[in-house]
Every structure is written in structure tokens, then in C-alpha cells.
Amino acid sequence: MMLTPAEVQALRFAKAPFGKRGYDEDEVDQFLDVVAQTLIALQDEIAALRAAPDAAYGTSPAAESEMLAELDRIKQRLSRLEASNLFFSHAGRGGPGQKMDIRPDGSP
């Protein structure tokens, strides 16, 4: 269970039983356990993010090669789209300023 700031601010402890002062110790201990678990989870998440700052491509030479290959694929799709747009504008079915439905593979 993750603890949110709103939950912490909204939490109210019951008063201690008659004859004791303060809050119910068991209730406070349970709350502190939840706070500790939340902090541990957050620290683990921070450590994981620091270990992999850019999970999409990373910073290795292999990751750089993958990113360049993805850029080449994007350029190829763009060239196909531009060629399709020229074809449609000459065929009278569209023009540079008109919207076209494009499939995910880049074809019109």
C-alpha cells in the first residue's frame, strides 16, 4: 500500500484509553510501519531510476546505434508520405494542405 500526502494529512489518531495520556500506541505504530514501507518503496524507485536514467535508448554505443536506426526508419516513412502526398496532389485527390489518413506502417 502506497501512502499519499493527502492520507498523511487527513489521518487522525484515536485518543488513548481512559487513564492514559496521548494517542493509542498500537495505532501510531501501525501508521509508522506504513510510512516506513512507503519510504523504502520510494527509495527503491529512486535507485532504479538513477540506475537507468534513459531506459528507452540508454547511453551505450549499441543504444546510440538503435536510436540512429530508428531515425532512419522515421526518415523512410517521411519520404514515403511525401511521395504519396505528391501522387495524390497530382491525381486531384489531395494536396499539401489537406489531411490524409495514414496507417501506422506509414502507408496512406
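Throughout this description, residue numbers start from 1 for each chain and increase along the sequence as written. Residue-level local features of this predicted model are given only where pLDDT is at least 70; pairs of side-chain atoms are given and counted only at 80 or more, and the full residue set underlies all totals for whole chains, interfaces and linings. To obtain the side-chain values, all non-hydrogen atoms of the structure were included, while hydrogens and water were left out.

Draft legend 1. Seen up close, helix α2 (residues 25-51). With 27 residues, α2 ought to run about 39 Å at 1.5 Å a step, and its terminal C-alpha atoms sit 39 Å apart, in line with that. Any pair of N or O atoms that falls within 3.5 Å is considered a polar contact. Within protein, one atom must be able to donate a hydrogen and the other to accept it, and sequence-neighbouring residues count only if both atoms are side-chain atoms. Numbered from the N terminus, helices here are DSSP runs of H or I no shorter than four residues, and strands are runs of E no shorter than two. By the N-cap criterion, in which a side-chain oxygen at the helix start approaches the backbone nitrogen of a residue two or three places on, α2 is capped by Asp-24, the distance to Asp-26 being 3.1 Å. Residue count minus one, scaled by 1.5 Å, sets the expected span of a helix.

Draft legend 2. Region of interest: a negative patch on the surface. Candidate patch residues must exceed 30% relative accessible area and have no salt bridge, after which like charges are joined if within 9 Å and Val, Leu, Ile, Met, Phe, Trp or Tyr side chains if within 5 Å. Calculation of accessible area relied on Shrake-Rupley with a 1.4 Å probe; when residues are assessed, cover is drawn exclusively from the protein chains displayed. By definition here, a salt bridge exists when the distance from a side-chain nitrogen of Lys or Arg to a carboxyl oxygen of Asp or Glu is within 4 Å. When charges are counted, Lys and Arg are positive and Asp and Glu negative, with His and the chain ends excluded. By convention, the charge on Lys lies at NZ, on Arg at CZ, on Asp at CG and on Glu at CD. A cluster of like negative charges, contributed by Glu-25, Asp-26, Asp-29 and Asp-33, occupies part of the molecular surface. One can find Asp-26 in helix α2.

Draft legend 3. Geometry of the packing of aromatic side chains. To pair, rings of Phe, Tyr and Trp, with the six-membered ring standing in for Trp, must have centres within 6.5 Å; the planes then decide the type, stacked if under 30 degrees apart, edge-to-face if over 60, and tilted in the middle. Applying the stated criterion across every chain, the model contains two aromatic pairs. Plain terms: the ring middles of Phe-13 and Phe-31 are 5.5 Å apart, the flat faces sit at 80 degrees to each other, and that makes the pair edge-to-face. Of this pair, Phe-13 sits in the loop between α1 (5-10) and α2 while Phe-31 sits in helix α2, placing them 18 residues apart in sequence. Under the scheme applied here, a residue whose accessible area is under 20% of the maximum for its type counts as buried, over 50% as exposed, and between as partly exposed, the area being computed with a 1.4 Å probe on protein chains only. Since its relative accessible area comes to 23%, Phe-13 is described here as partly exposed. What makes Phe-31 buried here is its relative accessible area of 18%. Taken together, the aromatic side chains of Phe-13, Tyr-23 and Phe-31 make up a single cluster linked through ring pairs.

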